[in-house]
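Topology and contacts: notes
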Protein chains: 2
Amino acid sequence: MHHVRDAIKKRRSIRKFTREPVSENDLAEIVTAGSWAPSGLNNQPWRFVTIISGKILDRLGELTRYGHILKNAPAAIAVFIDHEAMYNERKDCQAAGACIQNMLLATEELGLGAVWLGEILNQAEAVNRVLDLPERYLLMAVIALGHPADNDQTSERKDINTLILKKL
Amino acid sequence: MHHVRDAIKKRRSIRKFTREPVSENDLAEIVTAGSWAPSGLNNQPWRFVTIISGKILDRLGELTRYGHILKNAPAAIAVFIDHEAMYNERKDCQAAGACIQNMLLATEELGLGAVWLGEILNQAEAVNRVLDLPERYLLMAVIALGHPADNDQTSERKDINTLILKKL
């Protein structure tokens, strides 16, 4: 049984959603999966804002060139690192990445789809203003999610023989 | 069925291994899982060195205060970002974190155990020297892995109600 590896390989970025809402329970499941990521010294630096308000999604959508995705998504989760919980920026960013990957995998298992939006980091301060969050919270990504309206995404990866530099 | 979320919650850092070797096939499976992580612009910045040489594991073990883990592990995977493939340090570090999390989840599914070693980044240049890699490759982590000799690890996470700053 290869459930986990299959999920890892089958996951795709989903950018179009139906109008069906995302339940609070599903959002909690996704955040819980994120929270079980490993972090350096188990510092768990991640913090989350869950968003189902169309008005907030529209305002966030103004802050990225991929705004049409947010404006048409029924939900999003903004992922932050708490500056007061940080101990090493590089490792905390890696931990955020592990956390986000858990969330994407959980989203897929719940029958939902998601896309990891990173370009919006160019407007991180404005995102904090829209969400009324102090500077202490450093934006890592916004994940747009919902029930997938397109499932025909394909993706490619480099051959691992080009990625493995050496076998020692 | 909650295979993926169960795997996410059940994964633990494994620091003690039996003497049983890790097969080349399992190492390839783990790297493949890592390679299916998302990355900004799909730049796939990750590169890997797989290590089963006891001599190399011992030399890497000299470079971290957690060296006893590496010295007693049958295998390790060093994870790098290729400077020539980078486009944004923060996002590339997040991508490396997503990649590493995929590898840890795949390791667990294969019946192996692993621990993400970050403290060795303090000696990143020395790691590159031991592995005879140019500066172009930026160390992200070393994952020690093998067949688990201890399976009784527990771990704790903050309640998600303290992690979710707002529901909007």
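Residues numbered from 1 in each chain as written. Chains lettered and ligands numbered in written order. Predicted model: local features only at pLDDT ≥ 70, side-chain atom pairs only at ≥ 80, totals over all residues. Heavy atoms only, no water.

Brief notes about the relation of the copies chain B and chain A
- Of the transformation superimposing chain B on chain A, the axial component is 0.0 Å and the angular component is 180°, with the fit at an RMSD of 0.0 Å. Look at the turn and shift together and you get a two-fold axis relating the two.
- A share of 100% of the interface residues of chain B reappears at the interface of chain A, consistent with the copies meeting face to face through the same patch. (Least-squares fit on C-alpha atoms with pLDDT ≥ 70 in both. Contact = heavy atoms within 4.5 Å.)

Quick notes on the pattern of salt bridges
- Scanning the model with the defined rule gives 20 salt bridges over all chains in all.
- Measuring nitrogen to oxygen at the nearest pair gives 3.9 Å for the salt bridge that ties A:Lys166 to B:Asp132. One end of the pair, A:Lys166, is in strand E5 (residues 164-167); the other, B:Asp132, is in the loop between helix H6 (124-131) and strand E4 (137-146), on a second chain.
- Owing to a relative accessible area of 60%, B:Asp132 belongs among the exposed residues under this scheme.
- Note that B:Arg65 and B:Glu119 form a salt bridge whose closest N and O atoms lie 3.8 Å from each other. (Salt bridge = Lys/Arg side-chain N within 4 Å of Asp/Glu carboxyl O. Helix = DSSP H or I, 4+ residues; strand = E, 2+ residues; numbered from the N terminus. Buried < 20%, exposed > 50% of the residue type's maximum accessible area, 1.4 Å probe, protein only.)

Considerations on unusual backbone geometry
- In this structure, B:Asn42 takes a positive phi of about 50° despite not being glycine.
- Its location among the elements puts B:Asn42 in the loop between helix H2 (24-35) and strand E1 (46-51).

Details of the sheet that holds strand E1 (residues 46-51) of chain A
- Taken in spatial order, the five strands line up as E3(A)-E4(A)-E2(A)-E1(A)-E5(B) in an open sheet, and their pairing is mixed. On the outer flanks of this sheet lie strand E3 (113-117) of chain A together with strand E5 (164-167) of chain B, each paired with one strand and no other. On average, each strand axis in the sheet is tilted by 20° relative to the strand beside it, whichever way the strands run.
- For strand E2 (residues 75-82) of chain A and strand E4 (residues 137-146) of chain A, the ladder comprises eight bridges, and the chain directions are antiparallel. Each residue of the ladder has a partner; that of A:Asp82, found in E4(A), is A:Tyr137.
- Against the sheet, helix H2 (residues 24-35) of chain A makes contact with E1, E2 and E4 of chain A together with E5 of chain B, and its axis sits at roughly 165° relative to E1(A), the strand it touches most.
- Packed on one face of the sheet, helix H6 (residues 124-131) of chain A meets E1, E2 and E4 of chain A together with E5 of chain B and runs near 110° to E2(A). (Pairing = 2+ DSSP bridges. Axes fitted to C-alpha atoms, helices over the stretch in contact; angles between N-to-C directions.)

Thoughts on the sheet that holds E5(A)
- Read across the open sheet, the five strands follow the order E5(A)-E1(B)-E2(B)-E4(B)-E3(B); overall the sheet is mixed. Of all the strands in the sheet, the pair left with one neighbour each is E5 of chain A together with strand E3 (113-117) of chain B. Pairwise comparison of adjacent strand axes, ignoring direction, gives a mean angle of 20° for this sheet.
- Summarising the sheet, E1(B) and strand E2 (residues 75-82) of chain B pair through six bridges and their orientation is antiparallel. Directly across from B:Thr50, in E2(B), lies its bridge partner B:Ile77.
- Packed on one face of the sheet, helix H5 (residues 89-109) of chain A meets E3 and E4 of chain B and runs near 60° to E4(B).
- Along the sheet face, H6(B) touches E5 of chain A together with E1, E2 and E4 of chain B and points at about 110° away from the line of E2(B).

Considering the environment of A:Arg157
- Assignment of secondary structure puts A:Arg157 in the loop between E4 and helix H7 (160-163).
- In the structure, A:Arg157 is positioned 40 residues away from A:Leu117 in sequence and 19 Å away in space, judged by C-alpha atoms.
- Sequence-distant contacts of A:Arg157, that is, excluding residues within four places in its chain, are made with A:Arg11, B:Ser35, B:Trp36, B:Ala37, B:Pro38, B:Asn42 and B:Gln44.
- Separated by 3.4 Å, the side chain of A:Arg157 and the backbone oxygen of B:Trp36 make a polar contact. (Polar contact = N/O pair within 3.5 Å; in protein donor to acceptor, adjacent residues only side chain to side chain.)

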